[in-house]
Amino acid sequence: MTSSDLRDSILHHLKYSLGKDAAHAVTQDWRMALSLAVRDRITDPWFDATRTAYAGQNKRVYYLSMEFLIGRLLQDAIVNLGLLETAHEAFTDLGLPLDTVLSNEPDAALGNGGLGRLAACFIESLSSLAVPAMGYGIRYEHGLFKQSFVQGRQIEAPEDWLQQTHAWEFERPESTYHIGFGGRVVQKDGRSVWEPEDGLIAQAYDTPVIGWKGRWANTLRLWSAKPTQIFDLDRFNSGDYIAASAPETLARTISRVLYPDDTTPQGKELRLKQEFFFTAASLRDALRRFESEYDDLHLLPQKVAFQLNDTHPAIAGPELVRLLHDERGLPMDEAIATARGCLAYTNHTLLPEALERWPVELMGRLLPRHLQIIERIDAAHAAEKPDRRANALEDGEVKMGELAFIMGHKVNGVSALHTDLMKQTVFKELHRLHPDRIINQTNGVTPRRWVLGANPRLSTLITDAIGDGWVGDLEQLSGLETHLDDAGFLDRFAAAKRGNKTDLVDWVQRNQGIALDPDAMFDVQIKRIHEYKRQHLNILEAIALWQEIRDNPNADWTPRVKIFGGKAAPGYVFAKEIIHLINDVAAVLNADPVTSKYLKVVFLPNYNVTLAERLIPASDLSEQISTAGKEASGTGNMKFALNGAPTIGTLDGANVEIREHVGTDNFFLFGMTAPEVDARRELGDHAAQAIAADPRLARALDAVRDDTFAPGDPGRHAGIAENLSGHDYFVVCSDFTDYWRAQREVDAAYADQGGWMRMAALNTARSGWFSSDRSMRGYLADIWRTGPALGADGE
Ligand code: 26Q
């Protein structure tokens, strides 16, 4: 496709699909026209992929996830189709910068953070690998809330991504399923039949996901809830308009909003309804597809794999058993075995408060037949492996982790350390009973979005050095190592980073009115705000550094900008206090005439995928400082390393593996290990001891406690000070001294720019293993037992 072909196609869509005259078109029109022109290029590979999968009778992979944090799609599609240059030229002809058009697209935030973004990377990798696969999730009308700050406090506003027409989805009014709730179970001809009392319709919306080089496209199928009855005509006719539309409102509520919480499930009925709604629709859809091709249900495990992204779709176990046994007549034991053959479960957290449990009362009321089946599953498991401590039903609750474990043939963790800890802690008993079930699949990220799309400067440099094979085979980045003794290469590497930083500086100036020095070290922590992720450790270090610079303003300080981004769950009070503290500290430090040339703090509001794409390429230092044992993997950590930002981090999650890959000299390690953390907590007064041993820490905490950062309002941040000097569950104080030491090593390393750039480039060269293509190959080999439908040559 030439740029004039693309331009013609854009103008065609502008006129005939959107009904706009080029003379009056606004940016949104151009963005829609470009999207439709690009979408046309996806349709054929998409249909071909479907035909190939049917013809080859390939096994299909279904990735079930409550969240798909896909962000913007247009640039990604253009990049994967190899049309970036073409699109630039087409818009040069049209007199509009392509970037303006691309940044008009809303950021689809159908997820909270890591788990949802992982699902999006996996779907893209499965397309790039030409594996027949489908993502199943919920088409939330409103994604994750928009965050702003008012006087330093987080304010949430509803997100409205569907306000503008979604260019990528195809509505499928013919793909609908009736989903029931409540009611009772009756016996008919000796069989249990669920007769739900309420119901609604799940309707499919399909978004094609095109893989690298446009060879293959899979579908992301998201379900939207529709009422079985649009409105109550009797009530309407009698004039009660609100009551008349009640059934519609109620049904639509199911897919209305994403739960903005990523750590503390509230046990809300609506959440369980959402989980069952999308899981049941997805299973029935997959089963319908299977039954259109095969007539023997025993083939199901050979032809279908369902991957459960955490326990959110874990009701798939009992629902699949119900579909096979109650509705298709397979004997119960066979139904359970067949379902298990298809199901596998990925665990993403060991935090006890984040493990899903549902009251038996609620489960029985909403899904009475499923509760009976869960009892049967437990009984069958107990008969097979007699052990009372390993049941899904316990203490009046349904434990979804146990249920997913028992109903999955494989259970995986998301980093080597996390998988080990799964075996030792939460799933200890079940692991003893099923020693081959738990396996590791370390997370990965897609290089198309996170390097090629987000960092064109670095990408050009890499391709000039080693050719373009790295985009589809990221381990080729190791070829960069031979270039590291070439001063010219390191200069170009430094220039790429500098260009990205300058772009960010301009953007921050325009959007926040804050001036940053592009020569300062950009020290970045972007992720959900949570105590275990320890943004408060980072800000405490900033306070201590500020105090030290004030004591000694003429010393040779390495200039730094600490950049934060991330949202707090609306109900997570302490996380919101951390945001408030960081913003208050930023206000004081940035206004300090003595220190601000050395140290600034910036909290960028409304962190999302798009902002990550802007920040990560411009980062010098990656903050991965969670309490050891708490961060299952992290995936941001991989994006930073790939983009040439060394890590300061603990031995937690995938940091451990990143450090092994990049080399211990190219990673700033600090802090206690997971077993050391547990031992430290045994000392009741660990925080007090740490504070007594480190005057810097004591002084920083005093500043948090008094009104240094809350002029005229002492006590504003006392909660944080009390928490940290008191029980300090996440051992912030006990890790502070070593964190400070590592940060000063970072300062010294950064001061030697030649050495720093080498270290940064080594991080890029040695991070190729963290591609989500590699993760997907692992799942294919060890869990799904299938592979690509096309050979490397595209045949
Ligand atoms: C559950 C029930 C009710 C309401 C909300 C939830 C809920 C929603 C989202 C629970 C957890 C999540 C998200 C968890 C998550 O993002 N975990 C992250 O997963 C990443 C991908 O594996 C890891 O890299 C991160 O370490 C892990 O924190």
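All figures in this text were calculated on a predicted structure; none of them were measured in a lab.

**Let's talk about the overall build of the protein chain**
Looking only at helices and strands, the protein chain features 33 helices and 24 strands. Against the globule reference of 28 Å for 795 residues, the protein chain gives a C-alpha radius of gyration of 27 Å, in line with a compact fold. By its C-alpha atoms, the protein chain is 90 × 70 × 65 Å across when sized along the principal axes. Taking the intrachain contacts of the protein chain between residues at least 6 apart in sequence as the baseline, contacts between residues at least 24 apart amount to 76%.

**Digging into the site of the ligand**
Neighbouring residues of the ligand: 22 residues in total, closest G114, L115, P265, A632 and S633. The element best represented in the shell around the ligand is helix α6 (residues 114-128), accounting for three residues. Looking at side-chain class alone, the shell around the ligand contains seven nonpolar, ten polar and five charged residues. A domain-level breakdown of the shell around the ligand finds at least three residues from each of domain 2 (60-72 + 111-443 + 778-784) and domain 3 (456-464 + 475-770).

**Details of the sheet that holds strand β10 (residues 198-210)**
In spatial order, the strands read β7-β10-β11-β4-β1-β12-β13-β17-β18; together these nine strands make up an open sheet with mixed pairing. In this open sheet, the two strands that pair with only one neighbour each are β7 (170-181) and β18 (438-440). Neighbour-to-neighbour, the strand axes of this sheet turn through a mean angle of 25°, independent of strand direction. Two elements, strand β17 (residues 410-413) and β18, share three bridges in a ladder whose sense is parallel. Paired with V411 across the strands is I438, a residue of β18. Strands in contact with helix α10 (residues 269-293) are β1 (60-64), β4 (133-138), β7, β10, β11 (217-226) and β12 (304-309); relative to β7, the strand with the most contacts, it is inclined by about 115°.

**What to know about the packing of helix α28 (residues 686-693) against helix α31 (residues 732-751)**
In contact at an axis separation of 7 Å, α28 and α31 are set at 30° when each is read in the N-to-C sense. By the angle between their axes, α28 is roughly parallel relative to α31. Contacts from H686, A687, A690 and I691 in α28 reach C733, S734, F736 and T737 in α31. By residue class, the composition of the contact of α28 with α31 is five nonpolar, three polar and no charged.

**Observations regarding unusual backbone geometry**
The residue Q151 is not glycine, and still its phi comes out positive at about 50°. Considering the arrangement of structural elements, one finds Q151 in the loop between β5 (146-150) and β6 (153-157). Residues other than glycine seldom take positive phi values, yet D310 does so here, at roughly 65°. Among the structural elements, D310 can be located in the loop between β12 and α12 (316-326).

**Description of the packing of helix α22 (residues 535-551) against helix α29 (residues 695-705)**
Packing of α22 against α29 leaves a shortest axis separation of 9 Å and a crossing angle of 105°. One element, α22, and the other, α29, form an angle in the roughly perpendicular class. Listed contacts from α29 to L540, I543, A544 and Q547 of α22 are R696, L697, R699, A700, A703 and V704. A breakdown of the residues in the contact of α22 with α29 according to their chemical character gives seven nonpolar, one polar and two charged.

**Examining the pairing of β12**
Each regular strand carries side chains that alternate between the two faces of the sheet. In terms of residue burial, β12 counts as a mostly covered element, since six of its six residues are buried. On β12, burial covers both faces: V304, F306 and L308 on one face and A305, Q307 and N309 on the other are all buried.

**Here's the deal with the sheet that holds strand β15 (residues 393-394)**
With antiparallel pairing, the three strands of this open sheet are ordered in space as β14-β16-β15. Only two strands of the sheet have a single partner each, and these edge strands are β14 (357-359) and β15. Across three bridges, β14 lies against strand β16 (residues 397-399) in antiparallel orientation. The partner of R357 across the bridge, within β16, is K399. Sitting on the sheet, helix α16 (residues 400-407) touches β14 and β16, and the angle it makes with β16 is about 50°.

**Things to note about the UniProt feature "modified residue: N6-(pyridoxal phosphate)lysine" (unreviewed entry) in the protein chain**
Residues given the UniProt feature "modified residue: N6-(pyridoxal phosphate)lysine" (unreviewed entry) here are K639. Structurally, K639 can be placed in helix α25 (residues 636-642). The residues touching K639, leaving out its near neighbours within four places in the chain, are V445, W450 and I616.

**Quick notes on the environment of G267**
Topologically, G267 is positioned in the loop between α9 (246-253) and α10. Between the alpha carbons of G267 and L362 there is a distance of 9.2 Å; along the sequence they are 95 residues apart. Sequence-distant contacts of G267, that is, excluding residues within four places in its chain, are made with W358 and P359.

**Comments concerning the environment of G565**
Note on placement: G565 falls in strand β20 (residues 560-565). Residue class for G565 comes out buried when judged on the 21 C-beta atoms lying within 10 Å of it. Sequence separation between G565 and Y607 is 42 residues; the distance between their C-alpha atoms is 5.3 Å. Leaving out residues up to four positions away in the same chain, G565 has contacts with I526, L604, Y607, L611 and L615.

**Some details on the nonpolar core**
Of all hydrophobic cores here, the largest spans 235 residues; its most connected members are Y62, F277, I582 and V585. Filtering out sequence-adjacent residues up to four positions away, F277 remains in contact with I179, A202, W223, A225 and I254.

**As for the pairing of β5**
Here β5 runs beside β6; their pairing, made up of five bridges, is antiparallel. Across the sheet, the residue bridging to Q147 is E156, located in β6.

**Points about the confidence of the model for the protein chain**
Taken over all residues, the pLDDT of the protein chain has a mean of 96, while the share at 70 or more is 99%. For this predicted complex, the interface confidence comes out at an ipTM of 0.99, alongside a pTM of 0.98.

**Some remarks on the environment of W546**
Looking at the secondary structure, you find W546 in helix α22. Overall, the presence of 23 C-beta atoms within 10 Å leaves W546 in the buried class. In this structure, the C-alpha to C-alpha distance between W546 and D592, residues 46 residues apart in sequence, is 9.5 Å. If we skip the residues at most four places from it in the chain, W546 touches L589, T595 and L599.

About the cut-offs
- Residues numbered from 1 in each chain as written.
- Predicted model: local features only at pLDDT ≥ 70, side-chain atom pairs only at ≥ 80, totals over all residues.
- Helix = DSSP H or I, 4+ residues; strand = E, 2+ residues; numbered from the N terminus.
- Rg over C-alpha atoms; globule rule 2.2 N^0.38 Å.
- Contact = placed C-beta atoms within 7 Å.
- Near = placed C-beta within 6 Å.
- Nonpolar A, V, L, I, M, F, W, Y, C, P; charged D, E, K, R; others polar.
- Domains from an automatic or database assignment.
- Pairing = 2+ DSSP bridges.
- Axes fitted to C-alpha atoms, helices over the stretch in contact; angles between N-to-C directions.
- Parallel < 35°, antiparallel > 145°, perpendicular 65-115°, else oblique.
- Buried ≥ 20, exposed ≤ 12 C-beta atoms within 10 Å, placed from the backbone.
- UniProt positions renumbered as here; feature names shortened; annotations may be inferred.
- Core = buried A, V, L, I, M, F, W, Y, C linked by C-beta atoms within 7 Å.
- pLDDT = per-residue confidence, 0-100.

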